[in-house]
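Here are the chains, one letter per residue:
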Amino acid sequence: EYVDFESEAQFSAYNAVANHEELPDYEEALSLHINGVSDTPIIDFLAFGEVSEALLLESGNYSLDLTYTADNTPLLSNHLLSLLENTNKTIFFYAEEEYIDEDGDGDIDEDGDGRIDEIEITVNSLVVDNSPNESIYSHQMTVINLIDQDEIVDDFTNIKVYFVRSDEIIETTEQYLTAIFAKPSTVELLNNTYTVYVIGKLDSSDIILTSTKLMLNEDSETQFIILEKDDNTSTGYKMTFANQTSE
């Protein structure tokens, strides 16, 4: 229905918008609309923490709207998706907190109760090119840091991701990157077994935000590594792996 096969492009969507008290009717599920393509959502139900199946569109420029699935409440409108033919992209939808300082005095806790007086939530989109790498000997890992920018500034000087082989430690590994908020960072890894550490710099201290094992072999896919807050983990943070190519 949507495709001219002579000029097609492919995209997927990832929902990183968690429940928040400033989104009272949101139930961790989104609908994605593409204006001028269909009167119904092109993705009807996209749950939090899930990536959609790959969808095909003709190459071109598209306007995206995002709504709650329950009552069609808008979360964002008229965000651009630009697709060249024979390309493959992923759109990440995420929420960002903004602390409101109404009188501009730099104090966001005027009553001194230890809580931020007012928070506004903005839902944003991040469009990322998927890797075309098809090597069986190495695989591209693209880190997407969606830990809220205000928290990074307030709590951490920076966040780094280290890929440590079994005969290495963090200090000796050459495979690491700095994870900048809402900006993709990429590393190419040879087939091996790695421990992936996400480290936040807090004053003079290095804090392990999360870690996991990663095994890469000839059958492995290029992947996104998505960094997010998660109040259900012991550290308050998590990393999620998602393939950049569909089955």
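Predicted model only: the values in this text are computed from it and were never measured.

Draft legend 1. Here's a closer look at the overall build of the protein chain. On a plain count of helices and strands, the protein chain comes out with one helix and 16 strands. Within the protein chain, the fraction of its 247 residues that count as buried is 42%. Split by element, the accessible area of the protein chain, about 13400 Å² in all, is 43% carbon and sulfur.

Draft legend 2. Broad picture of the sheet that holds strand S10 (residues 159-165). Spatially, the four strands line up as an open sheet ordered S11-S10-S13-S14, and their pairing is antiparallel. Of all strands in the sheet, those with a lone pairing partner are strand S11 (176-178) and strand S14 (205-215), marking the two edges. Each strand of the sheet is rotated relative to its neighbour by a mean of 15°, with strand direction disregarded. Sheet topology note: the strand S13 (residues 193-202)/S14 ladder contains ten bridges and is antiparallel. Within S14, the position partnered with Tyr197 by the bridge is Ser211.

Draft legend 3. Local environment of the side chain of His33. Along the polypeptide, His33 turns up in strand S2 (residues 29-34). Note on His33: relative accessible area 15%, which makes it buried. Looking at His33, its side chain comes within polar contact range of the side chain of Thr67, at 3.0 Å. In this view, His33 contacts Thr40, Pro41, Ser63, Leu64, Asp65, Thr67 and Asn72; residues no more than four positions away in its chain are not counted.

Draft legend 4. Seen up close, the sheet that holds strand S6 (residues 74-83). Strand order in the open sheet made by the four strands is S3-S2-S5-S6, with antiparallel pairing throughout. Of all the strands in the sheet, just strand S3 (43-47) and S6 have a single pairing partner and so form its edges. Direction aside, the axes of adjacent strands within the sheet are offset by 30° on average. With three bridges joining them, S2 and S3 adopt antiparallel strand pairing. Bridge assignment links Ala29 to a residue of S3, and that residue is Ala47.

Draft legend 5. Quick peek at the environment of Glu58. Along the chain, Glu58 falls in strand S4 (residues 55-58). Looking at Glu58, the relative accessible area reads 32%, which means it is partly exposed. Distance from Glu58 to Gln10, taken between C-alpha atoms, is 8.6 Å for residues 48 residues apart in sequence.

Draft legend 6. Highlighting the nonpolar core. Ranked by internal contacts, the top residues of the largest apolar core, which has 24 residues, are Phe11, Leu32, Leu66 and Phe93. When residues of this core are traced back to their parent elements, those giving at least two are strand S1 (8-16), S2, S3, strand S5 (60-68), S6 and strand S7 (88-99). One finds Met141, Tyr194, Val196 and Leu216 within the second-largest nonpolar core, a separate group that totals 21 residues.

Draft legend 7. Main features of a negative patch on the surface. Negative charge collects at one region of the surface, where Glu21, Glu22, Glu98 and Glu120 lie side by side. Residue placement: Glu98 occurs in strand S7.

Draft legend 8. Geometry of the side chain of Thr195. Structurally, Thr195 is set in strand S13. When its relative accessible area of 15% is taken as the criterion, Thr195 is described as buried. Reaching out from Thr195, the side chain makes a polar contact with the side chain of Lys213 at a distance of 3.0 Å. With residues up to four places along the chain from it excluded, the contact list for Thr195 reads Tyr162, Phe163, Val164, Thr212 and Lys213.

Draft legend 9. Molecular detail of the environment of Tyr237. Among the secondary structure elements, Tyr237 is positioned in strand S16 (residues 237-243). Distance from Tyr237 to Leu227, taken between C-alpha atoms, is 7.4 Å for residues ten residues apart in sequence.

Draft legend 10. Expanded view of the packing of aromatic side chains. The full count for this structure, using the stated rule, is five aromatic pairs. Pairing Tyr162 with Tyr176 gives two aromatic rings, centres 5.3 Å apart and planes at 25°, and the pair type is stacked. You can see Tyr162 sitting in strand S10 and its partner Tyr176 sitting in strand S11, a full 14 residues away along the chain. Of the aromatic side chains, those joined through ring pairs into one cluster are Tyr14, Phe92 and Phe224.

Draft legend 11. How the structure looks around the pattern of salt bridges. Going through the model one piece at a time under the given rule, you end up with three salt bridges. The shortest N-O distance in the salt bridge between Lys89 and Asp129 comes to 2.4 Å. In this pair, Lys89 is assigned in strand S7 and Asp129 in strand S8 (residues 119-129), connecting sequence segments 40 residues apart. Classification of Lys89 as buried rests on a relative accessible area of 12%.

Definitions and cut-offs
- Residues numbered from 1 in each chain as written.
- Predicted model: local features only at pLDDT ≥ 70, side-chain atom pairs only at ≥ 80, totals over all residues.
- Heavy atoms only, no water.
- Helix = DSSP H or I, 4+ residues; strand = E, 2+ residues; numbered from the N terminus.
- Buried < 20%, exposed > 50% of the residue type's maximum accessible area, 1.4 Å probe, protein only.
- Areas by Shrake-Rupley, 256 points an atom, 1.4 Å probe, with all protein chains shown as cover.
- Pairing = 2+ DSSP bridges.
- Axes fitted to C-alpha atoms, helices over the stretch in contact; angles between N-to-C directions.
- Polar contact = N/O pair within 3.5 Å; in protein donor to acceptor, adjacent residues only side chain to side chain.
- Contact = heavy atoms within 4.5 Å.
- Core = buried A, V, L, I, M, F, W, Y, C linked by side-chain atoms within 4.5 Å.
- Patch = residues over 30% accessible without salt bridge, like charges linked within 9 Å, V, L, I, M, F, W, Y side chains within 5 Å.
- Salt bridge = Lys/Arg side-chain N within 4 Å of Asp/Glu carboxyl O.
- Lys, Arg positive; Asp, Glu negative; His and termini not counted.
- Charge placed at Lys NZ, Arg CZ, Asp CG, Glu CD.
- Phe/Tyr/Trp six-rings, centres within 6.5 Å; stacked < 30°, edge-to-face > 60°.

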